[in-house]
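Coordinate inspection notes
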Amino acid sequence: MATTMRGLTQFIADIRGARVRELEEKRINKEMANIRKKFKDGNLDGYQKKKYVAKIIFTYILGYKVDVGHMEAVNLISSPKYSEKQIGYLAVTLLMHENSDFLRLVVNSIRKDLHGNNEIDNCLALHAIANVGGSEMAEALAEDVHRLLISPTSESFVKKKAALTLLRLYRKHPDVIPAAEWALRIISLMDDEDLGVVICVTSLVMALAQDHLHAYAVSYTKAVDRLNRLVIEHEYSATYAYYRVPSPWLQVKLLRLLQYYPPSEDPAIRSVLHQVLQTIMDNSAEPSRNVQHNNAQHAVLFEAIGLAIHLDTNSPLVNTAAVLLARFISSKETNVRYLGLDTMAHLAARAESLEPLKKHQSTIILSLRDKDISVRRRALDLLYSMCDIDNSELIVGELLRYLRVADYALREEMVLKIAILTEKYATSYKWYVDTILRLISAAGDHVGEEVWYRVVQIVTNTEDLQEYAAKVVFEHLKAPTAHESLVKVGGYILGEYGHLIANEPGYSPLEQFHILHSKSQFCMAATRSLLLSTYIKWVNVFPEIKPQLVLIFERYRHVLDSELQQRASEFYALAQRPEEDELLQNVCEEMPPFPPRSSALLGRLNKDQGDTEDKRTWIHGGKDANVDRELTRRKTLIQTNGSTASHIAIGAPSTQDVMGSLVGLDLRQTEVVNSSERPNLAVGPNIDRWYEKLMLSSEGVLFEDVQIQIGVKSRYQGHIGQLAIYIGNKVPTPLTSFITAVHVDDPDALSVTFAKLPPNVIAPRTQTQQLLHIECKKAFSTPPILTVSFLAGSHQTTSIQLPIVLTKFLEHVKLGQADFFERWKLIGGAPRESQSIFPVTLNSAGQLDLSKFRQVVAGHKFNILDDIDPNPNNLVGAGVLHTSVEGKVGCLLRLEPNKEAKLCRLTVRSTSESVAKEAQKLLQKSLTTDT
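As a starting point, this report considers the structure included with it. Since the model is a prediction, treat every value here as computed from it, not as a measurement. (Residues numbered from 1 in each chain as written. Predicted model: local features only at pLDDT ≥ 70, side-chain atom pairs only at ≥ 80, totals over all residues. Heavy atoms only, no water.)

Structural notes on the overall build of the chain
Helix and strand counts for the chain stand at 38 helices and 16 strands. Its C-alpha radius of gyration of 38 Å places the chain more than 25% over the 30 Å reference for a compact globule of 931 residues. Counting only C-alpha atoms, the chain reaches 120 × 95 × 60 Å along its principal axes. When burial is assessed residue by residue, the chain has 52% of its 931 residues classed as buried. In the chain, 70% of the contacts between residues at least 6 apart in sequence involve partners at least 24 apart. By element, 50% of the accessible surface of the chain is carried by carbon and sulfur atoms, the whole surface being about 43,400 Å². For the chain, the centre of its 105 positive side-chain charges and the centre of its 108 negative side-chain charges are spaced 7 Å apart. (Helix = DSSP H or I, 4+ residues; strand = E, 2+ residues; numbered from the N terminus. Rg over C-alpha atoms; globule rule 2.2 N^0.38 Å. Buried < 20%, exposed > 50% of the residue type's maximum accessible area, 1.4 Å probe, protein only. Contact = heavy atoms within 4.5 Å. Areas by Shrake-Rupley, 256 points an atom, 1.4 Å probe, with all protein chains shown as cover. Lys, Arg positive; Asp, Glu negative; His and termini not counted. Charge placed at Lys NZ, Arg CZ, Asp CG, Glu CD.)

The following block contains the structure:
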């Protein structure tokens, strides 16, 4: 740029040559005046506009305010020359903010560049959208960016920029992106041959999947398949091998994406994942001498351990991981220690037993004194997560000792965590009070309001603790200095329960007054207000020190603070009332127990931690905290406070205060994967006819169009079945990004899983086979749906019902006439009988089509029992349904056609009401359908 614009080169040289700022400003003002004149005169060619706008950009970069050149920058974007267009885009992204009115003028120019065939212009436009990205621009151009991303003619580097631009727009304006609508098309790009495209698209999918789990569920299989190809099959180019580690950035993203979803029940996917994770851990068993290789390998390893913990904390993989983590937390490398402690905290947050972690408790405690603050913070998190009833006193004691020398940046978080652990794992209430008061004394300014609120709540609600708490807080107040939080706790507890210790030596009312009032001169107005409330309580229970207390009220009636003045005046008036007056006694009654409520400490801690763009799948605090988090994510907290009290609460947290402190709890509802969201089925007369044929037979065509043919072949034995799906590519081009998924309405009743991971490409004019394993657990009514999607020029999606119905799991039963009618009567009528009467069509000879009736009954796996019914036109059948959960279910039927009435009566009886209804429905549909 500088070599082709001599004027710009000279301008930059003059600026650099200025020895003082005044000379620099003088040169810039002179140049800006010249530029304004040139722009005002007009008649500038593209080169001159480019040169002057470049000077404006340089001036802006130096930090000077620029108010000229915006319109010229807009005009440069429309230039056909790359150098001019580049300067125009650079000026737009630097000089204009997202709400600038000038941006509306460039939207059409940007759209034109997005639609153009020049990849460089595409990239310039994408850069501008990502850098400026206002809401209006996002609404206007999001569709165009998406079109550029999915276009089969787009170059790989354009697709990468388009994916990252969409990610930027989604993070800033999520409502603009129809994430669910675009899901399958975006996911299909995870099969792109260019790993750079896959990395960028995976970043986009991660962001979208966090908020649209169901829509992006197919990405789970894609992630597993890509990991298998990278780690097991080594399917990647040398360009993406970073120090012999295959694309570590992509591996980390895929492993993190899998943690957003619950563990898959598909045995094929679980097997592949186990193999991938085992290979990653084996590769990291021995460290390399190459630092870069170790860094890449560790990045993948720690994410793999996180996924292994997410899948099953009791698996052998996690045991292997625990051994590796023990080695890592003692590593000489700071980054490795940090990641080891963080991953161990993840294990502590999920594990059923903390015993393997407790073996390394001393090492973790030593990490609190690590030279790096980030490591110290992770050690604190881990100790917080691995604390339980057995080691609570040890861990809390260590944290209290460390608190005195801890970094100021850590102290507030440490105070919250110590308070939470002390309350959660208190072996006795006395230990709780001793520890919390030590904490308040040691932490000082780092003690939040929530901590002493909680102490007050627990002491008030625990009668056996009140006398002990009063003594202990009195002893702490004897120290030469006491922090204001301790004075607040002392004011509340001594005001409410000081009378319980007033008769013991050293705790007289006068001594309580002196020790508490001596601290008031160093306290804020709010704390003094609380102490005044304490004093009015003492007026009621300690008449011997009433003169001193009234004197305090008299003095505070004349202070400048309005709250203190009003409170003192009211209390002074109350104290002057005659002793027989019951008003003072009623107002100063002891506080009743607080209603049960959640700890505000957890709310504060979660609020402080917050969420990042990449949401955590777990939180610190052990397994219980993570279970509770999952529950609260799906519920809305409704807190009501229907009662009011006329008592004076001595600095006690009001309901509003406590409810307000609960705001930090992570209570956001998340989108729940709804099994009733069935895909839209393909329709057509041929599809229905093929399906009905497959209801009665074991093999045949299920679907066919100009591009693909889908056939099936099945076999069943007992409650187990296998269904082979044959998918043929009929076109001379490959079907890429091939996705097959099976949707089951009720997984508790029917299990359908792939035997192995489906292929993602079908070569031209070839056929691929996919095997499904089927298990009937109990009666079901809705067949599963097979969804097939692929790229063949454009994105195609087809959903069809699989011919897997309840009667496929029937087996023949041989019965004689006496046995049949005995069981028929034994089962009885409704509700275990299902009966229907429906019209039938006579054949061309005007007779009943008895052969069709026999074919339908036999096709639904009933054994046709001859010579049972005296009417030769009637059919009698019997079968037994096999299920893995409900066992065997008997099923009998009678089919009674009537030629004259052209009607047929179908009766099905079964020991299961639901089986009778479903079998009758399936038989009737086949009998009334012309196949």
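Moving on from the model shown.
Considering unusual backbone geometry
Across the junction of Ala830 and Pro831, the peptide omega takes the value 5 degrees, indicating a cis bond. Residue placement: Pro831 occurs in the loop between helix H36 (817-827) and strand S12 (833-839). Positive phi, close to 50 degrees, is recorded for Tyr243, a residue that is not glycine. Mapped onto the secondary structure, Tyr243 falls in the loop between strand S1 (241-242) and strand S2 (245-246). At Arg765, a position not held by glycine, the phi torsion is positive, near 55 degrees. With respect to the helices and strands, the residue Arg765 is situated in the loop between strand S7 (750-754) and strand S8 (767-776). Arg765 gets classed as exposed once you look at its relative accessible area, which sits at 59%.

Quick notes on the side chain of Ser264
By secondary structure assignment, the location of Ser264 is in the loop between helix H13 (248-258) and helix H14 (267-283). From its side chain, Ser264 meets the backbone nitrogen of Asp266 in a polar contact 3.1 Å long. Residues in contact with Ser264, not counting those within four places in the same chain, are Tyr220, Ile269 and Arg270. (Polar contact = N/O pair within 3.5 Å; in protein donor to acceptor, adjacent residues only side chain to side chain.)

Quick word on a nonpolar patch on the surface
Residues Met71, Phe102 and Leu105 make up a contiguous nonpolar surface patch of roughly 240 Å² in combined accessible area. Within the secondary structure, Phe102 sits in the loop between helix H5 (82-95) and helix H6 (103-115). Residue classification places Phe102 among the partly exposed positions, given a relative accessible area of 30%. (Patch = residues over 30% accessible without salt bridge, like charges linked within 9 Å, V, L, I, M, F, W, Y side chains within 5 Å. Salt bridge = Lys/Arg side-chain N within 4 Å of Asp/Glu carboxyl O.)

Quick notes on the sheet that holds strand S6 (residues 736-743)
On the basis of which strands lie adjacent, the open sheet formed by 3 strands has the order S6-S9-S10 and antiparallel pairing. Two strands in the sheet have a free side with no partner beyond their single neighbour: S6 and strand S10 (794-801). Pairs of neighbouring strands in the sheet enclose a mean axial angle of 10 degrees, with direction left out of account. Relative to strand S9 (residues 785-792), S6 runs antiparallel, the two being bridged by 6 bridges. Looking across to S9, one finds that Thr740 is bridged to Val788. (Pairing = 2+ DSSP bridges. Axes fitted to C-alpha atoms, helices over the stretch in contact; angles between N-to-C directions.)

Observations concerning the side chain of Thr435
With respect to the element layout, Thr435 can be found in helix H23 (residues 429-443). Looking at Thr435, the relative accessible area reads 4%, which means it is buried. In this structure the side chain of Thr435 is engaged in a polar contact, spanning 2.7 Å, whose partner is the backbone oxygen of Trp431. Residue contacts for Thr435: discarding those within four places in its chain leaves Val396, Leu400 and Thr422.

So, the environment of Thr481
Examined against the element boundaries, Thr481 turns out to sit in the loop between helix H25 (463-477) and helix H26 (484-497). For Thr481, a relative accessible area of 69% corresponds to the exposed category. Spatially, the C-alpha atoms of Thr481 and Ser441 are 9.2 Å apart, while their sequence positions differ by 40 residues.

Regarding the nonpolar core
Formed by 221 residues in total, the largest nonpolar core has its most connected members in Ile110 and Tyr216. Here this core takes 12 residues from helix H11 (residues 195-211), the largest share from any one element. Apart from the residues lying within four places of it in its own chain, the contact partners of Ile110 are Tyr89, Ala125, Ala128, Ile129, Met137 and Leu141. Within the second largest apolar cluster, 62 residues are counted, among which are Phe754, Val857, Leu893 and Ala919. (Core = buried A, V, L, I, M, F, W, Y, C linked by side-chain atoms within 4.5 Å.)

Considerations on the sheet that holds strand S3 (residues 699-704)
Strands sit in the order S3-S4-S5-S8-S7 across an open sheet of 5 strands; the sheet is antiparallel. Only two strands of the sheet have a single neighbouring strand rather than two, namely S3 and S7. In this sheet, neighbouring strand axes are inclined to one another by 25 degrees on average, regardless of whether the strands run parallel or antiparallel. Bridge analysis of S7 against S8 gives 5 bridges, and the strand direction is antiparallel. By the bridge assignment for S8, Thr753 is matched with His773.

Remarks on helix H30 (residues 562-575)
In an α-helix, one full turn covers 3.6 residues, which means residues spaced three or four apart are oriented alike. With 14 residues, H30 should cover 20 Å at 1.5 Å per step; its first-to-last C-alpha distance of 20 Å lies within 8% of that length. Turning to H30, its buried residues are Leu564, Ala568, Phe571, Leu574 and Ala575. Along the long axis of H30, the arc covered by the buried residues comes to 125 degrees, so they all point the same way. Elements that come into contact with the buried residues of H30 comprise helix H28 (525-541), helix H29 (546-556) and helix H31 (582-587). Of the residues that open H30, the one with a side-chain oxygen 3.1 Å from the backbone nitrogen of Glu563 is Asp561. (Expected span 1.5 Å × (residues − 1). Arc of directions from axis to C-beta.)

Concerning the pattern of salt bridges
The final tally for this structure, using the stated rule, is 44 salt bridges. A salt bridge links Asp144 to Arg147; the shortest N-O distance between them is 3.0 Å. Separated by 3 residues within a single helix, Asp144 and Arg147 lie in helix H8 (residues 135-150), roughly one turn from each other. Here Arg147 falls in the partly exposed class, since its relative accessible area comes to 43%. Between Asp381 and Arg378 there is a salt bridge, with its nearest N and O atoms 2.5 Å apart.

Re the packing of helix H21 (residues 392-403) against helix H22 (residues 408-424)
The geometry of H21 relative to H22 is characterised by a closest axis approach of 10 Å and an angle of 155 degrees between their N-to-C directions. The pairing of H21 with H22 is recorded here as roughly antiparallel in orientation. In the crossing of H21 with H22, the sense of the turn from one axis to the other is left-handed. In this structure, H21 contributes Ile395, Val396, Leu399, Leu400, Tyr402 and Leu403 to the contact, and H22 contributes Leu410, Arg411, Met414, Val415, Ile418, Leu421 and Thr422. Along the lines of polarity and charge, the residues of the contact of H21 with H22 split into 11 nonpolar, 1 polar and 1 charged. (Parallel < 35°, antiparallel > 145°, perpendicular 65-115°, else oblique. Left-handed = near helix turned anticlockwise from the far one by under 90°. Nonpolar A, V, L, I, M, F, W, Y, C, P; charged D, E, K, R; others polar.)

Some details on the packing of aromatic side chains
Scanning the entire structure with this criterion turns up 17 aromatic pairs. Between Phe39 and Tyr52 the ring centres are 6.1 Å apart and the planes differ by 85 degrees, which places this aromatic pair in the edge-to-face class. A residue pair is termed long-range when its members are at least 10 positions apart, and Phe39 in helix H2 (residues 21-41) and Tyr52 in helix H3 (residues 46-61) qualify at 13 residues. Of the two residues, Phe39 and Tyr52, both sit in the buried class. Taking 5.2 Å as the distance between ring centres and 65 degrees as the angle between the ring planes, the aromatic pair formed by Phe474 and Tyr507 counts as edge-to-face. Of this pair, Phe474 sits in helix H25 while Tyr507 sits in the loop between H26 and helix H27 (509-520); the two residues are 33 residues apart in sequence, bridging distant segments of the chain. Accessibility assignment for this pair places Phe474 and Tyr507 in one class, buried. (Phe/Tyr/Trp six-rings, centres within 6.5 Å; stacked < 30°, edge-to-face > 60°.)

Observations concerning the packing of helix H20 (residues 373-386) against H21
One way to put it is that H20 packs onto H21 with a least axis distance of 10 Å and a crossing angle of 155 degrees. Relative to H21, the element H20 is oriented roughly antiparallel. The chirality of how H20 crosses H21 is left-handed. In this structure, H20 contributes Arg376, Leu380, Leu383 and Met386 to the contact, and H21 contributes Ile395, Leu399 and Tyr402. A per-class count over the contact of H20 with H21 returns 6 nonpolar, no polar and 1 charged.

As for the state of the cysteines
Per the counting criterion, the structure on display carries 0 disulfides. Among the cysteines around Cys200, which has no disulfide bond, Cys123 carries the closest sulfur, lying 11 Å off. With no disulfide of its own, Cys776 lies 12 Å from the sulfur of Cys891, the closest cysteine sulfur. For Cys776, a relative accessible area of 0% translates into the label buried. (Disulfide = S-S within 2.5 Å.)

Everything listed here is a matter of coordinates, which is why it stays silent on function.
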